[in-house]
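# Architecture at a glance
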Amino acid sequence: MAADAQASGGGGGADGGDQAPAASSNTVTLTPEVKQAIAEEVKAQLAAQEQQASSQGGGGGAAAPAPANASAQVPPALDPAQRTFVVDSDVSVVANGQECGLTAGDVITRLSDTPDGDNTVSASVAASKKSDCAAGQTVAVKVDDLQEMYNHFQEQLTTGMGELAKKQGTGGIPKAPDTATTASDVPTPKPDDTAAKTLQDQQQQADQTESQVKQEAAAGGGL
């Protein structure tokens, strides 16, 4: 994802005379801190997907009932644990009362969790192209745009994991560990045959005692 962000919009000028400056202005430079933030976001979302898949598998595939206030449910993009967003398409935001643009590959960090009256939250521009909102600026971004970035991020994760699964063991990608069960060297213990015999003897003794008690009770009644 970091490579995609840096490569997005990296075309040069049409005349070919001054391509380097044009390419530079359309390239996102990711600092080690931004790359680390994206990596941590990937880890967190993969862990969340794994936990969700595990809980659904344990529930027999039945969908969980929707909460009574589903319409007021906080969207995933406003989850306090979700902070870093990679812009996936052109977005207009507001910085210091002036509109500026963000384009695919820019990276922002959400600062606030609660939308204002215009359904926007504040965010800081972590990395951007020279022609976009300057890095370090605090901008107001619509929650719907954040959610779109979140959805695109999820799609990239799903696609990426699928590709890794297909290509494991090739092209330098290690093969996934074998999770199949194998027979142990320790032999399986034999069942305890004496336990069944003991239970059977106890049952016969109980039957005899019950029969004896009934006979004595009958004899006593005859007297």
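Residues numbered from 1 in each chain as written. Predicted model: local features only at pLDDT ≥ 70, side-chain atom pairs only at ≥ 80, totals over all residues. Heavy atoms only, no water.

All right, on to the confidence of the model for the protein chain then. Here the protein chain averages 77 in pLDDT, and 71% of its residues register 70 or above. In this model residues 5–23 is a low-confidence stretch, pLDDT under 50, and it forms 23 contacts with partners more than four residues away in sequence or in other chains. (pLDDT = per-residue confidence, 0-100. Contact = heavy atoms within 4.5 Å.)

On to the nonpolar core. Counting residues in each nonpolar core, the largest one holds 20 residues, and the members touching the most others are Val-93, Ile-108, Val-141, Leu-146 and Met-149. Listing elements by their share of this core, those giving two or more residues are β2 (91–95), β3 (98–102), β5 (120–127), β6 (138–142) and α4 (143–167). The element best represented in this core is α4, accounting for four residues. Each residue touching Val-141, except ones within four places of it in the same chain, is listed here: Val-93, Ile-108, Asn-119, Thr-120, Val-121, Ala-123, Leu-146 and Met-149. One finds Val-28, Leu-30, Val-34 and Leu-157 within the second-largest nonpolar core, a separate group that totals nine residues. (Core = buried A, V, L, I, M, F, W, Y, C linked by side-chain atoms within 4.5 Å. Buried < 20%, exposed > 50% of the residue type's maximum accessible area, 1.4 Å probe, protein only. Helix = DSSP H or I, 4+ residues; strand = E, 2+ residues; numbered from the N terminus.)

Evaluated as defined, the whole model comprises one disulfide. Paired through a disulfide, Cys-100 and Cys-133 show a sulfur-sulfur distance of 1.9 Å. Taking the torsion about the sulfur-sulfur bond, which here is approximately 105°, the covalent link between Cys-100 and Cys-133 counts as right-handed. Separated by 33 residues along the polypeptide, Cys-100 in strand β3 and Cys-133 in the loop between β5 and β6 bring together distant segments of the chain. The exposure classification of Cys-100 matches that of Cys-133, with both residues buried. (Disulfide = S-S within 2.5 Å.)

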